[in-house]
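Structural description and commentary
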Amino acid sequence: MTKKAIKTTRRSFLTLSMMAAGGAIACSASSQPEKSANVPPSSNIPLTLPVNPTIPERLLGNTGESLPIFGLGGASRQTPLSKLDQESAAVKIIEQALELGIRYFDTAPSYGPSEDYLGKVLPPYRSQIFLASKTSARDRDGAWRELERSLQRLNSDYLDLWQLHHVSFDSELDQIFQSNGAIKAIEEAKAQKIIRFSGITGHHEPDIIVKGLERYPFDTTLIPVNAAERHHPRSFISQVLPVAQRKNIGVIAMKVPAYGKLLTSGVLDGMAQAMGYSLSQPGVHCCIVAADSVAQLAANVAVAQGFQPLSQTAIAQIEQRTAAQWEDNTFFRAWT
């Protein structure tokens, strides 16, 4: 892609975003959501977010961004945000998230219609939120195509955070950092202010994330941090967090309740223990958790609003409860 072509691409991003704000862009046939009466009228007029009880905030590494410690994830096994036939329920969750003080929204092209649903609700509040998406492409051109599609679906002309999604193997790092690798798209998009920050994510092998953080000055990393993952012989907590702390990289915790399994199995008493453990780990700045319903979202936000760092005694007690069940609750480590 030539410099001229790149500039043209950015202009097309801006044009597509304005068209989307006017309702001119339709979703792809494979992810066409249903119409919903709950979706606000398409408009470029900024709206002011409601003032509500605050969720504690932390600086996200060296980005200078102060974000609530709890954000909304765009995918899970049950969340309406990643299901094609649940637009109305998804929109209600997103709207309620804004009402409850959530400002950080995380999604990806592979999360079904998640980007589409967020793009129907968030644009009027765009300057007041932190919007993150990802790319699974390892080459420059493929990453650009995914970025264009994400912006179109999200109805935005920029992302606050663009992340390399589920990086799992050395061969992927080699592809990403070669001359025509995805890192070139990140650098070009950041230089053109299409993205503000860059990140790397993974839940397979922590040493791969460490290698990525050592090879490039990423702003953030999104990794699994929970009380069961601590016991894994190759733990993200023990391997990635020290490196991120040394470099002052923003750390976003995922898999906090292990897709709810830590809670439904009775290993932990509830989200207060699961979230409390993750957010009490040194170097963790915030977490993202998906919501299956408005009620579940409200309960999770209440936990975040009342968060206080756990004592070392409380952390040790939680770790003791997960010691015998860590393998069953780190099933996601096998995913690539």
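In this text, all values refer to a predicted model and were calculated from it rather than measured experimentally.

1. Digging into the side chain of T322
By the element assignment, T322 lies in helix α12 (residues 312–322). Beyond its immediate chain neighbours, meaning those up to four positions away, T322 contacts A227, A228, H231, L262, V267 and L268.

2. Examining helix α3 (residues 114–121)
Most of α3 sits out of view: seven of its eight residues are buried. Of all the residues in α3, the buried ones are S114, E115, D116, Y117, L118, G119 and V121. Looking at the buried side of α3, the elements it contacts are α2 (87–99), β4 (104–106), β5 (130–135) and α4 (140–154).

3. Here we look at the sheet that holds strand β3 (residues 70–73)
Sheet architecture is closed into a barrel: eight strands sit in the order β3-β4-β5-β6-β7-β8-β9-β10, paired in parallel fashion. Between one strand and the next, the sheet's axes are offset by a mean angle of 30°, whatever the strand orientation. Sheet analysis places strand β6 (residues 159–164) next to strand β7 (residues 195–201), joined by five bridges and oriented parallel. Across the sheet, L164 pairs through a bridge with I200, a residue of β7. Packing of helix α8 (residues 236–247) onto the sheet brings it into contact with β8 (220–224) and β9 (250–254), and relative to β8 it is tilted by some 165°.

4. Brief notes about the pairing of β5
Across the six residues of β5, six count as buried, placing the element largely inside the fold. Pairing of β4 with β5, which is carried by three bridges, proceeds in the parallel orientation. Pairing of Y104 across the sheet is with F130, part of β5. Where the polypeptide runs from β4 across α3 and back to β5, its parallel neighbour, the crossover connection is right-handed. Where β5 meets β6, four bridges bridge the pair, whose relative direction is parallel. Bridging from a neighbouring strand, T135 pairs with L164 of β6.

5. Some words on the packing of helix α10 (residues 271–279) against helix α11 (residues 294–305)
For the pair α10 and α11, the least separation of the axes is 10 Å and the interaxial angle reads 50°. Our classification of the angle between α10 and α11 gives oblique. Where α10 crosses over α11, the handedness of that crossing is right-handed. Contacts between α10 and α11 involve M271, A272 and M275 on the former and, on the latter, N300, V303 and A304. Partitioning the contact of α10 with α11 into residue classes produces five nonpolar, one polar and no charged.

6. Focus: the state of the cysteines
Applying the stated criterion across every chain, the model contains zero disulfides. With no disulfide of its own, C286 lies closest to C287 among cysteine sulfurs, the gap being 7.0 Å.

7. Section: the nonpolar core
Counting 85 residues, the largest nonpolar core has F70, F105 and L297 as its most contacted members. Here L297 is in contact with F70, L72, I93, Q96, A97, L100, I102 and A291, once residues within four sequence places are set aside. Of all hydrophobic cores here, the second largest spans 12 residues; its members include L60, F130, A132 and I252.

8. Remarks on helix α5 (residues 170–177)
All buried positions along α5 are accounted for by E172, L173, I176 and F177. What you see down the axis of α5 is that its buried residues fit within an arc of 120°, all on one side. Turning to α5, the residues buried within the fold contact β6, α6 (182–191), β7 and α7 (206–215).

9. Some words on the pattern of salt bridges
What the rule picks out here adds up to 19 salt bridges. Residue D174 is joined to R215 by a salt bridge in which the shortest nitrogen-to-oxygen separation is 3.6 Å. Within this pair, whereas D174 is found in helix α5, its partner R215 is found in helix α7, the two being separated by 41 residues in sequence. Given the relative accessible area of 44%, R215 is considered partly exposed. In this structure, the salt-bridge partner of K247 is E214, at a minimum N-O distance of 3.6 Å. With K247 in helix α8 and E214 in helix α7, this residue pair connects regions lying 33 residues apart in the sequence. For E214, a relative accessible area of 40% translates into the label partly exposed. Each of the salt bridges in this network shares a partner with another, and the network as a whole consists of E65, R126, D160 and R196.

Rules of the game
Residues numbered from 1 in each chain as written. Predicted model: local features only at pLDDT ≥ 70, side-chain atom pairs only at ≥ 80, totals over all residues. Heavy atoms only, no water. Helix = DSSP H or I, 4+ residues; strand = E, 2+ residues; numbered from the N terminus. Contact = heavy atoms within 4.5 Å. Buried < 20%, exposed > 50% of the residue type's maximum accessible area, 1.4 Å probe, protein only. Pairing = 2+ DSSP bridges. Axes fitted to C-alpha atoms, helices over the stretch in contact; angles between N-to-C directions. Right-handed = clockwise from strand over helix to strand, strands pointing away. Parallel < 35°, antiparallel > 145°, perpendicular 65-115°, else oblique. Left-handed = near helix turned anticlockwise from the far one by under 90°. Nonpolar A, V, L, I, M, F, W, Y, C, P; charged D, E, K, R; others polar. Disulfide = S-S within 2.5 Å. Core = buried A, V, L, I, M, F, W, Y, C linked by side-chain atoms within 4.5 Å. Arc of directions from axis to C-beta. Salt bridge = Lys/Arg side-chain N within 4 Å of Asp/Glu carboxyl O.

All quantities given are derived from atomic positions and should not be read as evidence of function.
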